[in-house]
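Reading the structure
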Amino acid sequence: MDIINHSLGNGFAHTSETKGKVITCKAAVAWGPGLPLVVEEICVEPPHKMEVRIKILFTSICHTDVSARKGENEAQQVYPRILGHEASGVVESVGEGVEDLKEGDHVIPIFNGECGDCIYCKSAKTNNMCGKYRVNPFKSVMVNDGKTRFFTKEGEPIYHFLNTSTFSEYSVMDSGCVVKIHPQASLKSMTLLSCCLSTGLGAVWNTANVEAGSSIAVFGLGAVGLAVVEGARTRGVSKIIGVDINPEKFIKGKAMGMTDSINPGELKMPVHEKIREITGGGVDYSFECAGNVDVLREAFLSTHDGWGLTVVLGIHPTPRLLPLHPMELFDGRDIIGSVFGGFKGKSQLPHIVKECMSGAIKLDGFITHELPFSKINEAFQLLINGKSLRCVLHL
């Protein structure tokens, strides 16, 4: 099979030059747990049946990528591997059978795909648990043949991550994990819809179905937590309480619509007691976005008895179990998890893109830093140090 070189900085090659050929390009490869990523040349195969090869133009870093780079879960320690799952780009070529996408389409990848045909995709009882392309952090190969589409220059396989692997100039994905968006939408901004923005907005709109005039508490004001704040603002929530140990995040949160802020380090009482004091019994909804079981318990106890609902959004790498006694559920409070905000990605995200384009959803402030792809390890450190919400990398 022919191989075409496409090194970093050469721009987007014409499809006629690359279609059906192996492309050599730059990717940030994880070679082991806790190691810095290595930006190096790799080989990317053409897409197989029902697959798409995408030229990634923008990608950003999520705490899930940080956790994966650290190798916090031994079962996920598959190396070498290309991480990354928030991105946007252009379709370079499509495999046999792909009819809803074509070369040149503007797209965003989604880690939680939608085949459209399985019992889950057809069910009205679940928004987004596709039987074929659902999120699976242990999956490291393609659905078609159980093999990779990435290789080292020596021909050794490089493994996939979260159905997407966006830390590469080119990536191959199942077509069910690729969403076509409006060609005039800002690809840089739409990168956020691959994960954080969809997760936070959907948790409010779909999972909790928050109503106007209600009250919420958001535990953890990273990008997902602030997306919850934005979703609550669009729903007309009357009281939005942000909880975080980093007071610098309160400035951003209040600019987005947060009404109250709580720093647990400054309290002489448990957070849930303070929230009950502020609200006269507790919030209607709480959203746990920190990935910490002790925070999850505070979020649960901060809701009003009789009807309070806690939505779990944080990734919990610890083996500790849910810190609740079954009898605590007898007072009318509920708890539920939310994956990708309950969105059916291919069906529903194009509409969200239009809402972003109209200004109904405000994206200002989510992208705090921009760097060239070659500085990806610096971008990781910004997030780890709490200095950035999202650092967008330009490929």
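The sections below set out a description of the structure shown in this document. (Residues numbered from 1 in each chain as written. Predicted model: local features only at pLDDT ≥ 70, side-chain atom pairs only at ≥ 80, totals over all residues. Heavy atoms only, no water.)

**Observations concerning the overall build of the protein**
Along the protein, the regular secondary structure elements total eleven helices and 19 strands. Over its C-alpha atoms the protein spans a radius of gyration of 21 Å, differing by no more than 12% from the 21 Å that the globule rule assigns to 395 residues. Every one of the 395 residues in the protein was classed for burial, and the buried ones make up 53%. A sequence separation of at least 24 residues applies to 69% of the contacts in the protein between residues at least 6 apart. A total of about 16200 Å² of accessible surface is found on the protein, and carbon and sulfur atoms cover 52% of it. For the protein, the centre of its 39 positive side-chain charges and the centre of its 43 negative side-chain charges are spaced 2 Å apart. (Helix = DSSP H or I, 4+ residues; strand = E, 2+ residues; numbered from the N terminus. Rg over C-alpha atoms; globule rule 2.2 N^0.38 Å. Buried < 20%, exposed > 50% of the residue type's maximum accessible area, 1.4 Å probe, protein only. Contact = heavy atoms within 4.5 Å. Areas by Shrake-Rupley, 256 points an atom, 1.4 Å probe, with all protein chains shown as cover. Lys, Arg positive; Asp, Glu negative; His and termini not counted. Charge placed at Lys NZ, Arg CZ, Asp CG, Glu CD.)

**A word on the sheet that holds strand β12 (residues 215-219)**
Strand order in this open sheet of six strands is β14-β13-β12-β15-β16-β17, and the pairing throughout is parallel. In the strand order of this sheet, the two ends are held by β14 (260-262) and β17 (334-337), each with one partner. Here the strands of the sheet are splayed against their neighbours by 20 degrees on average, with no regard to which way each runs. Looking at chain direction, β12 and strand β13 (residues 239-243) are connected through five bridges and run parallel. (Pairing = 2+ DSSP bridges. Axes fitted to C-alpha atoms, helices over the stretch in contact; angles between N-to-C directions.)

**Focus: helix α9 (residues 293-301)**
Taken residue by residue, α9 has V293, L296, E298, A299, F300 and L301 as its buried positions. On its buried side, α9 packs onto β12, α8 (271-279), β15 (285-288), β16 (309-312) and β17. The opening residue of α9, the one whose side-chain oxygen lies 2.8 Å from the backbone nitrogen of D294, is N292. (Polar contact = N/O pair within 3.5 Å; in protein donor to acceptor, adjacent residues only side chain to side chain.)

**Observations regarding the pairing of β16**
With burial as the criterion, each face of β16 is covered, one bearing L309 and V311 and the other bearing T310 and V312. Taking the sense of rotation as the criterion, the β-α-β connection linking β15, α9 and β16 turns out right-handed. Pairing of β16 with β17, which is carried by four bridges, proceeds in the parallel orientation. Among the inter-strand pairings, V311 is bridged to a residue of β17, identified as I336. (Right-handed = clockwise from strand over helix to strand, strands pointing away.)

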